[in-house]
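# What the coordinates show
Here are the chains, one letter per residue:
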Amino acid sequence: MRVYWPTTLPALAEVAPSGVLAAAPVAVHAVTPALREFYADADPRDLEEELEYAAMSDAAEQSLRLLAGLPGGAQPRRVVLALDVPGRALPRPDAGWSAPERSRVVLDADLLLSDLVSVHVDDAEAEQDLRAALAALPAADAGDEDARFTVESAEGHELLWYDATELPLLMATGV
């Protein structure tokens, strides 16, 4: 099963050397029944790819929230790991239609570095928008539409794709 785990560069640097990225149970994002229902009208030829992209985007939104908990000097880059895991993912009973709840599941297996397929990271051009989004996040969560627009503009940046074999280089360079 393909899952998307939101993280940050500092958190990844801390756990990657052990080989265990996160211990079970762990919240990840995946293609869920709620996500499929949300995209019921999508073109079936592109549906699977679109569903996986939506799950990864939901994980990227969670990564932004993880960045909000880091010290102000931390490099603002969203990080999402795509992993193929053998465990089961259990949809949350309170899953809703909106992002990111629509794709959030609880995995009953550890996330292992050996299951890594790809790494998705913001590039340097996204940093200004990410800093603005981080500053606007509390107001956006409180319902401020202008702040929500600022947060969504950061979500407009596409994450770069790296093969799993490139992770050591990414970690060495700090992206």
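Look up: the structure comes first, before these words.
Just so you know, these numbers come straight off a predicted model, no measurement behind them.

### Structural notes on the environment of Val106
With respect to the secondary-structure elements, Val106 resides in strand E6 (residues 104-107). In this structure, the C-alpha to C-alpha distance between Val106 and His29, residues 77 residues apart in sequence, is 8.3 Å.

### As for the packing of aromatic side chains
On inspection of all chains with the given rule, the structure shows zero aromatic pairs. Positioned over the ring face of Phe38 is Arg102, at 4.9 Å from the centre of the ring.

### Observations regarding the packing of helix H4 (residues 127-141) against helix H5 (residues 145-155)
Remark: H4 packs on H5, axes separated minimally by 8 Å, with the N-to-C direction vectors making an angle of 145°. Between H4 and H5 the crossing geometry is left-handed. Contact with H4, carried on its side by Asp129, Leu130, Ala132, Ala133, Ala136, Leu137, Ala139 and Ala140, involves Ala147, Arg148, Thr150, Val151, Ser153 and Ala154 of H5 and no other residues of that element. Residues belonging to the contact of H4 with H5 are distributed by class as follows: 10 nonpolar, two polar and two charged.

### A short note on unusual backbone geometry
Omega for the peptide link from Ala24 to Pro25 comes to -5°, which places this bond in the cis form. Structurally, the position occupied by Pro25 is in the loop between strand E2 (20-22) and strand E3 (26-29).

### As for the packing of helix H3 (residues 47-68) against H4
Angle between the axes and distance between the axes: these two values describe a pair of packed helices. Where H3 contacts H4, the two axes come as close as 10 Å, and the packing angle between them is 90°. Between H3 and H4, the angle falls in the class roughly perpendicular. When H3 is examined against H4, the residues Leu64, Arg65, Leu67 and Ala68 are found in contact with a partner set consisting of Leu130, Ala133, Leu134, Leu137 and Asp141. Classifying every residue of the contact of H3 with H4 gives seven nonpolar, no polar and two charged.

### Some words on the pairing of strand E4 (residues 79-84)
Counting buried residues along E4, five of its six residues qualify, which places the element largely inside the surrounding structure. When strand E1 (residues 2-7) meets E4, the two strands line up antiparallel, connected through six bridges. The partner of Trp5 across the bridge, within E4, is Leu81. Here E4 runs beside strand E8 (residues 116-121); their pairing, made up of five bridges, is antiparallel. Bridge pairing in E8 places Ala82 opposite Ser118.

Reading guide: rules and limits
- Residues numbered from 1 in each chain as written.
- Predicted model: local features only at pLDDT ≥ 70, side-chain atom pairs only at ≥ 80, totals over all residues.
- Heavy atoms only, no water.
- Helix = DSSP H or I, 4+ residues; strand = E, 2+ residues; numbered from the N terminus.
- Phe/Tyr/Trp six-rings, centres within 6.5 Å; stacked < 30°, edge-to-face > 60°.
- Lys NZ or Arg CZ within 6 Å of the ring centre and 35° of its normal.
- Axes fitted to C-alpha atoms, helices over the stretch in contact; angles between N-to-C directions.
- Left-handed = near helix turned anticlockwise from the far one by under 90°.
- Contact = heavy atoms within 4.5 Å.
- Nonpolar A, V, L, I, M, F, W, Y, C, P; charged D, E, K, R; others polar.
- Parallel < 35°, antiparallel > 145°, perpendicular 65-115°, else oblique.
- Buried < 20%, exposed > 50% of the residue type's maximum accessible area, 1.4 Å probe, protein only.
- Pairing = 2+ DSSP bridges.

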